[in-house]
Amino acid sequence: MRNKIYKNREVLRNLPVGVTLCGEDYEFKIIYVNEKVIKIGITLNYTDMLFADFNSLDGIVKKVILETSSNNAPVLSRQAFLSKHKLKKVDVVADGIEFKIDTVTNSNLMLAKSIGYHELLNSNDGFFESIRNTVEDNLLENPPKVRKSYSNYSSFGTLPYLFETGGEYMHFTEVGYSRTVVSEEQLEKNREKFKEQSEKEKKNREKMKKLDKELGLDKKSDTRELARFR
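Criteria and cut-off values
- Residues numbered from 1 in each chain as written.
- Predicted model: local features only at pLDDT ≥ 70, side-chain atom pairs only at ≥ 80, totals over all residues.
- Heavy atoms only, no water.
- Helix = DSSP H or I, 4+ residues; strand = E, 2+ residues; numbered from the N terminus.
- Buried < 20%, exposed > 50% of the residue type's maximum accessible area, 1.4 Å probe, protein only.
- Contact = heavy atoms within 4.5 Å.
- Areas by Shrake-Rupley, 256 points an atom, 1.4 Å probe, with all protein chains shown as cover.
- Polar contact = N/O pair within 3.5 Å; in protein donor to acceptor, adjacent residues only side chain to side chain.
- Pairing = 2+ DSSP bridges.
- Axes fitted to C-alpha atoms, helices over the stretch in contact; angles between N-to-C directions.
- Lys, Arg positive; Asp, Glu negative; His and termini not counted.
- Salt bridge = Lys/Arg side-chain N within 4 Å of Asp/Glu carboxyl O.

Chemist: Would you take a moment to explain the overall build of the protein chain for this structure?
Modeler: When helices and strands are tallied, the protein chain shows 10 helices and eight strands. Out of the 230 residues in the protein chain, the part that is buried amounts to 27%. Within the protein chain, counting contacts between residues at least 6 apart in sequence, those at least 24 apart form 49% of the total. When the accessible surface of the protein chain is totalled, it reaches about 17000 Å², and 50% of it is carbon and sulfur.

Chemist: Help me understand the side chain of Asn-108 in this model?
Modeler: If you trace the backbone, Asn-108 turns up in strand E6 (residues 108-116). A distance of 3.4 Å separates the side chain of Asn-108 from the side chain of Ser-107, its partner in a polar contact. Contacts of Asn-108, omitting those with residues within four sequence positions, involve Thr-43, Leu-44, Asn-45 and Tyr-46.

Chemist: Would you take a moment to explain the sheet that holds strand E2 (residues 24-33) for this structure?
Modeler: Two strands in a sheet stick together by hydrogen bonds in their backbones, pointing the same way (parallel) or opposite ways (antiparallel). If you trace the six strands from one edge of the open sheet to the other, you get E1-E2-E3-E6-E5-E4, paired in antiparallel fashion. Two strands in the sheet have a free side with no partner beyond their single neighbour: strand E1 (16-21) and strand E4 (91-94). Looking at each pair of strands side by side, their axes are set apart by 40° on average, direction ignored. Of the pairings in the sheet, the one linking E1 to E2 comprises six bridges and is antiparallel in character. Paired with Thr-20 across the bridge in E2 is Asp-25. Contacting E1, E2, strand E3 (37-45), E4 and E6, helix H4 (residues 57-68) crosses the sheet at an angle of about 150° to E4. Against the sheet, helix H8 (residues 126-137) contacts E1, E2, E3, strand E5 (97-104) and E6, and its axis sits at roughly 165° relative to E1.

Chemist: What am I meant to see in the side chain of Asp-58 here?
Modeler: Within the secondary structure, Asp-58 is located in helix H4. One buried charge, Asp-58, has no salt-bridge partner; the nearest side chain with opposite charge is Lys-62, at 11 Å. Asp-58 has contacts with Tyr-26, Leu-44, Asn-45, Asp-48, Met-49 and Ala-52, leaving out every residue within four places of it along the chain.

Chemist: Can you help me understand the pairing of E3 in this one?
Modeler: In the case of a regular strand, side chains alternate between the two sheet surfaces. Along E3, seven of the nine residues are buried, which leaves the element largely enclosed by surrounding structure. Bridge analysis of E2 against E3 gives four bridges, and the strand direction is antiparallel. Paired with Ile-30 across the bridge in E3 is Ile-40. The turn linking E2 back onto E3 is made up of three residues. Pairing geometry for E3 and E6, over nine bridges, is antiparallel.

Spelled out as C-alpha cells, the structure:
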C-alpha cells in the first residue's frame, strides 16, 4: 500500500481531505506525498480566529499566537506576523494531535501536519482514518508518471523546462539534446563549404594587406613608436 500511495503522489497532491477536529468539520488539503510522509495543511484566517470558540481549531491557534507573541501589536494578524519564526517552532495540539504552523502571512497562516505511513495505515484514530479512507478511495492502478524535478538534472544534462507562449498562464515544454544523422554526402558538402569560406577570407586579408601597403599604412609612424616609450 505504501508503494502504491507513493506512485500516486501526483494524483493525491492538492486533494481535499475532510476531517473532524474539536467537534467541527474541516477541509485540509494534501500538500505533497514523498517516500516517508504525507503532508496535509489548512489555511486559517485571522478574522475567523477573533470570535472563535476557544475550544475550536481557530480558537486554539489564536491562543498559541497570543501566548507566543512577545510584541505589543494591537492586531492579532500583526502579532502573528512579527512572531512567525517563534510560531513555526511551537506545536499546536488539537484533539491530542500535534500540528505545526507552516507559513505565516499578514492575512492568514497555514497549519500543517506530516503523517508517516505507519501512523496513516495503522492508526485507529478517527482523524487518521478519514485521511486514510480518502487516500485509498483515490488511488489509481496505473497513475500517470511523475515529471522529474529540476534537481534531478545535472548542469550538463537535459534541461527540464523551457518557456513557451505567454498569455494568462506559463506553459512549459521539456527540452534536451538532440542528435541529427548526417550522410557522408552532406558531410563532404559541409567540408567544401568550409574550405571555400576559408579561402575567401584569406583572399580578403591579402587584399587589405596590399591596400595598406599602397597607402603606406603598413609603415610604423614616429608617433606610434614614441608612444611605446611614454
